[in-house]
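Each chain is listed here by its residues.
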Amino acid sequence: MNIWLVFLLGGLLTFGMRYSFIYLLGRFEVPETMRRALRFVPPAVLTALVVPELFVRSGQIDVSLTNFRLLAGVAAVLVAWKTKNTLLTILAGMIVLLMLEFIF
Amino acid sequence: MSNKQKSFWAGVRAELPLLIGVVPFGMIYGVLALNAGLAPAPAQMMSSIVFAGSAQFITAQLIREAVPGLVIVLTIAVVNLRHMLYSASVAPYMRALPVSWKVLLSYLLTDEAYAVTILHYEQEESSPTGHWFFLGAGLTLWTSWQLSTAAGILLGTTLPESWPLDFALPITFIALIMPALKDRPAIAASLTAGVVALLAYGLPYKLGLMLAGLLGILVGTWLEERASPRAVSPRRARGPNGGTL
């Protein structure tokens, strides 16, 4: 298959999925159960995106103290929880990671 | 400044911290695409036609392995399944928009644009200019993705690997998850998704992510149903902010 055709079809399918419910819920009422369930999309999906980034190192789950990304992630969680400030959270996470990598 | 402009620029500002992680990611993609044997033009155009980071990484990998085109197309679709959840999540806020806006914002609906936009929508339930915020966040991400892809292709190198800038992306998401954890069902949804994401990490095509997201949503919804106002036990009654913490 031509590479451009691959991109075009892949792009169309991706767009279709992004548009799917935005289109459907514009035409039909949102069922009550679904409305309730949708509130959990951000905490569930965003957590599922983040957790492997912290725990999985070189393809293995690593919960040891030498997993600096996990330690820096814990620091970021604490700062995010206490301050509710995005920039402070990023700074805290990055600084902890850089310090750990520099020291050890 | 009109409210539309204010919303637009608020969206741009909200997206900026995520760029610390997105820019190196885009550069790595550019280099990877060239290494996979793609010419500069298709490598660049994949970033605007497909416009989905992890799917683009996998596509470059599959092209290098000379996998048949149809398999690549299907892989892109499966890897991007989670966007249907994002679509459903923002859809109730976008019902009144004209089709042209819906199409444009759907195209811009990435992980990074979704994360900041849904937070804005949830905090300002009835904001009539929420779509301008979405547009500001989406265009900021789109522009930096195109430019960082180009930088990777033109320079042929990425930022030094000893700079752990890619880590900025997950920690930004951590900051964005926090406000969503406002009650027990939401916390349970997050914990479930996190545990399942680890257990199912080995699944191909990011299916572990999809499974974790769905199970998290299921557990959250189930707990909320159980603790809904119909319950008589005062211990389960929810506070005015919907929280029991």
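Keep in mind it's a predicted model, so treat the numbers as computed, not measured. Residue indices follow the written sequence of each chain, beginning from 1 at its first position. Chains and ligands are labelled by the order in which they are written, letters from A for the one and numbers from 1 for the other. Totals for whole chains, interfaces and linings use all residues, but because this is a predicted model, local features are given only for residues with pLDDT of at least 70 and pairs of side-chain atoms are given and counted only at 80 or more.

Trainee: Describe the overall build of chain A, naming the residues involved and giving the relevant values.
Mentor: Starting at the N terminus, helices and strands are each numbered in turn, a helix being any DSSP run of H or I of at least four residues and a strand any DSSP run of E of at least two. Helix and strand counts for chain A stand at 5 helices and 2 strands. Overall, the C-alpha framework of chain A stretches about 55 × 45 × 25 Å when taken along its three principal axes. Evaluated residue by residue, chain A yields a buried proportion of 45% over its 104 residues. Contact between two residues is assigned whenever their backbone-derived C-beta positions fall within 7 Å. The long-range fraction of contacts in chain A, counting pairs at least 24 apart against all pairs at least 6 apart in sequence, stands at 29%. Think of it as a crowd count around each C-beta: if 20 or more other C-beta atoms lie within 10 Å the residue is buried, if 12 or fewer it is exposed, and in between it is partly exposed, with C-beta placed from the backbone throughout.

Trainee: An account of the overall build of chain B is needed here, citing residue identities and associated values.
Mentor: Of regular secondary structure, chain B possesses 11 helices and 0 strands. In terms of overall size, chain B behaves like a compact globule, its C-alpha atoms giving a radius of gyration of 20 Å where 245 residues would be expected to give roughly 18 Å. Structurally, chain B occupies a C-alpha span of about 65 × 50 × 40 Å along its principal axes. In chain B, which comprises 245 residues, the proportion classed as buried is 49%. At a minimum sequence separation of 6, the contacts of chain B that also span at least 24 residues come to 76%. It is over C-alpha atoms that the radius of gyration is taken, and the globule rule equals 2.2 Å times the number of residues to the power 0.38.

Trainee: Describe the confidence of the model for chain B, and please don't skip the residues or the numbers.
Mentor: In low-pLDDT segments, the atomic positions of the prediction should not be examined closely. All names here are of chain B. A residue's pLDDT is the confidence the predictor assigns to it, expressed on a 0 to 100 scale. For chain B, per-residue confidence averages 90 on the pLDDT scale, and residues scoring 70 or more make up 93% of the total. Within chain B, helix H6 (residues 99–107) carries the highest mean pLDDT (98), whereas helix H9 (residues 168–177) carries the lowest (91). Under a pLDDT of 50 for its full length, residues 231–245 has, in the predicted model, 11 contacts with residues more than four places off or in other chains. This prediction of the complex comes with two scores: 0.89 for pTM and 0.91 for ipTM.

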